[in-house]
Amino acid sequence: MYLTKEVKAEIFKKHGGKAENTGSTEGQIALFTHRINHLTGHLKKNHKDYNTERSLVKLVGKRRSLLDYMMKKDIVKYRELIKELNIRK
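Attention in this report is confined to the structure presented alongside it. Since the structure is predicted, the reported quantities are computational estimates derived from the model, not experimental observations. (Residues numbered from 1 in each chain as written. Predicted model: local features only at pLDDT ≥ 70, side-chain atom pairs only at ≥ 80, totals over all residues. Heavy atoms only, no water.)

Turning our attention to the environment of His15. Along the chain, His15 turns up in helix 1 (residues 5-16). Between the alpha carbons of His15 and Ser65 there is a distance of 18 Å; along the sequence they are 50 residues apart. (Helix = DSSP H or I, 4+ residues; strand = E, 2+ residues; numbered from the N terminus.)

Another point: helix 3 (residues 50-73). Each α-helix turn comprises 3.6 residues. Residues three or four places apart therefore point the same way. Taking 1.5 Å as the rise per residue, helix 3 with 24 residues should run 34 Å; its terminal C-alpha atoms sit 35 Å apart, in good agreement. The set of residues buried in helix 3 consists of Thr52, Leu56, Leu59, Arg63, Leu66, Leu67 and Met70. For helix 3, the elements touching its buried residues are helix 2 (25-45) and helix 4 (75-85). (Expected span 1.5 Å × (residues − 1). Buried < 20%, exposed > 50% of the residue type's maximum accessible area, 1.4 Å probe, protein only. Contact = heavy atoms within 4.5 Å.)

A word on the nonpolar core. Counting residues in each nonpolar core, the largest one holds 20 residues, and the members touching the most others are Ile29, Leu67, Leu85 and Ile87. At the level of elements, helix 1, helix 2, helix 3 and helix 4 are the ones that each hand at least two residues to this core. With seven residues, helix 2 is the single largest residue contributor to this core. Discounting chain neighbours no more than four positions away, the residues touching Leu67 are Ile29, Tyr78, Ile82 and Ile87. (Core = buried A, V, L, I, M, F, W, Y, C linked by side-chain atoms within 4.5 Å.)

A separate point is the pattern of salt bridges. Under the criterion given, the structure shown has two salt bridges. A salt bridge links Glu26 to Lys77; the shortest N-O distance between them is 3.9 Å. Of this pair, Glu26 sits in helix 2 while Lys77 sits in helix 4, and the two are 51 residues apart along the sequence. Taking relative accessible area as the criterion, Lys77 reaches 41% and is therefore assigned partly exposed. (Salt bridge = Lys/Arg side-chain N within 4 Å of Asp/Glu carboxyl O.)

As a further point, take unusual backbone geometry. Non-glycine residue Asn86 carries a positive phi angle of around 60°. Looking at where Asn86 falls in the secondary structure, it is placed in the segment after helix 4.

A few words on the packing of helix 2 against helix 4. It is at 11 Å that the axes of helix 2 and helix 4 come closest, and there the two elements cross at 25°. With respect to each other, helix 2 and helix 4 are oriented roughly parallel. Every pair of crossing elements has a handedness; the one defined by helix 2 and helix 4 is right-handed. For the pair helix 2 and helix 4, contact is made by Glu26, Ile29, Ala30 and Thr33 and by Lys77, Leu81 and Leu85, respectively. (Axes fitted to C-alpha atoms, helices over the stretch in contact; angles between N-to-C directions. Parallel < 35°, antiparallel > 145°, perpendicular 65-115°, else oblique. Left-handed = near helix turned anticlockwise from the far one by under 90°.)

Okay, here's the thing in structure tokens:
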């Protein structure tokens, strides 16, 4: 499995402050980015996997709405996060 408990805790520790802070916007965006990168790699190999393609599009939409929320609340943190995660806007 690509997303183990330890990897998930590390993502939230790095971006959310603590490993237990799974509700932070920054942590959720980082987790979604990790999942999006994994699904993108899967789709490069399996281009006819339409169910994965649909879930990828939904996940990108969720991340986009969280990024919009973060941009409204704190533009400085938003800019730092998209630079750190290599998200283009």
